[in-house]
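Architecture at a glance
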Amino acid sequence: MNVRAKKELGQHFLVDENILGVIGRLAELEPNDAVLEIGPGLGVLTTYLADRVARVVTVEIDRALAEQLGERLAGRPNVELHFGDALTLDLAAVAPDARKLVANLPYNIATPLIVESLDRLPQLELWCVMVQREVAYRLFAQPSTKDYGAVSVLVQLAARRTGFHPVSRTVFRPRPNVDSALVAFRRTELPPEYAELKQVVAAAFAHRRKTLANSLELSGRTSREEAAAALATIGRPPTTRAEELAPGEFVALSEALQ
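Residues numbered from 1 in each chain as written. Predicted model: local features only at pLDDT ≥ 70, side-chain atom pairs only at ≥ 80, totals over all residues. Heavy atoms only, no water.

Quick word on the overall build of the protein chain
When helices and strands are counted, the protein chain shows eleven helices and nine strands. On C-alpha atoms alone, the protein chain measures out to a radius of gyration of 20 Å, which is about the 18 Å that the 2.2 N^0.38 rule sets for 258 residues. Overall, the protein chain is about 65 × 35 × 30 Å in size when its C-alpha atoms are taken along their principal axes. In the protein chain, buried positions account for 51% of the 258 residues. Within the protein chain, counting contacts between residues at least 6 apart in sequence, those at least 24 apart form 67% of the total. Surface accessibility of the protein chain: about 11,700 Å² in total, with carbon and sulfur atoms responsible for 48%. Averaged over its 30 positive side-chain charges, the protein chain has a centre that lies 6 Å from the centre of its 32 negative ones. (Helix = DSSP H or I, 4+ residues; strand = E, 2+ residues; numbered from the N terminus. Rg over C-alpha atoms; globule rule 2.2 N^0.38 Å. Buried < 20%, exposed > 50% of the residue type's maximum accessible area, 1.4 Å probe, protein only. Contact = heavy atoms within 4.5 Å. Areas by Shrake-Rupley, 256 points an atom, 1.4 Å probe, with all protein chains shown as cover. Lys, Arg positive; Asp, Glu negative; His and termini not counted. Charge placed at Lys NZ, Arg CZ, Asp CG, Glu CD.)

This is how it looks when you write it as C-alpha cells:
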C-alpha cells in the first residue's frame, strides 16, 4: 500500500532504519520502559520501540495510515495505537505510565507539543525527538542569540539537554527541504507557578523588537511602569529586552510581577 505524505500535516515519514540505533541510544531505552510516540507515520520507529520496551502508546492524526499501521504492528500486543490530534488529546490519560516521549515529530506541531508536554505530561522524564534543526537549536539556545526565544526559556527551565545528533534529509520520505536533528533532554524540575510563568514568557517575547516592559504592556500582561519596577527588582534596567534575560531571571521576574 503506497501512502502519500500530507504536507498540511507536516508529514515526513522516517524510512531509513539506520538512524534507529541513534534514537535508541539517545532515548536510553530499557526493557521495562513505557514510551509515548507522536506521529508514527509508517511505523518504522514504532516497531523498533516495540521490540525493545515493555509498552508503546502511539498517537496518529491521519486515519489514512490505519491500514498500513495495522499491518505493520500486527502481532505486537505491547503497542497501543490511538487516532487523534496530539495537541488536543488528553495525552496524560492516553499514556499515564509513559516516562519517555520518543518521536519523529510532525514539523507543524513540534514546538507547541514539546512546550505543552512539559507540564501537561508531568510523568515524562525524558524526551528524544526528531525536529527541524532550527527548532533543535532553539530549544537550548543561549540568551542574546538569534535562536533564543520563549521556547528556549520554557524548555531550559524544565529540562537539561542530554544529546544532539544532526540527521540527513535522506532518512525521510518525501525528502524535506530543511535539515533535521535528534535532540534528547531529561526533566530537571518544573518551576512553581509554571502556568503563570508561561504567560509571562510568551508576553515578553511577543513583541521581540520592543523592550521587555513595552512587550508586556502591549500584550496586556501588565503596565510598562509595573514591568519596569519588576525588572528593577531583579537588577535589570527598564530598557532590557526579553532575549537578554536568562531562564532563571524569568522566574524571578514572574514572581516580582505577582
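Overview of the sheet that holds strand S3 (residues 55–60)
Taken in spatial order, the seven strands line up as S4-S3-S2-S5-S6-S9-S7 in an open sheet, and their pairing is mixed. The strands lining the two open edges of the sheet, one partner per strand, are strand S4 (79–83) and strand S7 (159–167). Between one strand axis and the next, the sheet turns by 20 degrees as a mean value, whatever way the strands run. Here strand S2 (residues 34–38) pairs with S3 via five bridges, running parallel. Residue Leu 36 lies in a different strand from S3, and its bridge partner there is Val 57. Against the sheet, helix H5 (residues 110–120) contacts S2, strand S5 (100–104), strand S6 (126–132) and strand S9 (180–187), and its axis sits at roughly 165 degrees relative to S6. (Pairing = 2+ DSSP bridges. Axes fitted to C-alpha atoms, helices over the stretch in contact; angles between N-to-C directions.)

A look at the environment of Asp 62
You can see Asp 62 is positioned in the loop between S3 and helix H3 (66–73). According to the relative accessible area criterion, Asp 62 is buried, its value standing at 3%. It is 8.4 Å that separates the C-alpha atoms of Asp 62 and Gly 41, two residues lying 21 residues apart in sequence. There is a polar contact of 3.0 Å between the side chain of Asp 62 and the backbone nitrogen of Ala 64. (Polar contact = N/O pair within 3.5 Å; in protein donor to acceptor, adjacent residues only side chain to side chain.)

Some words on the side chain of Thr 240
By the secondary structure assignment, Thr 240 is in the loop between helix H10 (224–233) and helix H11 (247–257). Here Thr 240 falls in the buried class, since its relative accessible area comes to 2%. A distance of 2.7 Å separates a polar atom in the side chain of Thr 240 from the backbone oxygen of Pro 237. Contacts of Thr 240, omitting those with residues within four sequence positions, involve Thr 211, Leu 212, Ala 213, Leu 231 and Leu 245.

With respect to the confidence of the model for the protein chain
If pLDDT is low for a region, its predicted coordinates should not be looked at in detail. Within the protein chain, residue pLDDT values average 92, and 93% of them lie at 70 or more. Scored below 50 in pLDDT, residues 5–11 shows 20 contacts in the model against residues more than four places distant or in partner chains. (pLDDT = per-residue confidence, 0-100.)

Topic: helix H8 (residues 194–205)
Compared with an ideal rise of 1.5 Å per residue, which puts twelve residues at 16 Å, H8 spans 16 Å between its outermost C-alpha atoms and is within 8% of the ideal. Three or more residues of H8 are buried, namely Tyr 194, Leu 197, Lys 198, Val 200, Val 201, Ala 203, Ala 204 and Phe 205. The secondary structure elements touched by the buried residues of H8 are H5, helix H7 (150–156), helix H9 (212–218) and H11. (Expected span 1.5 Å × (residues − 1).)

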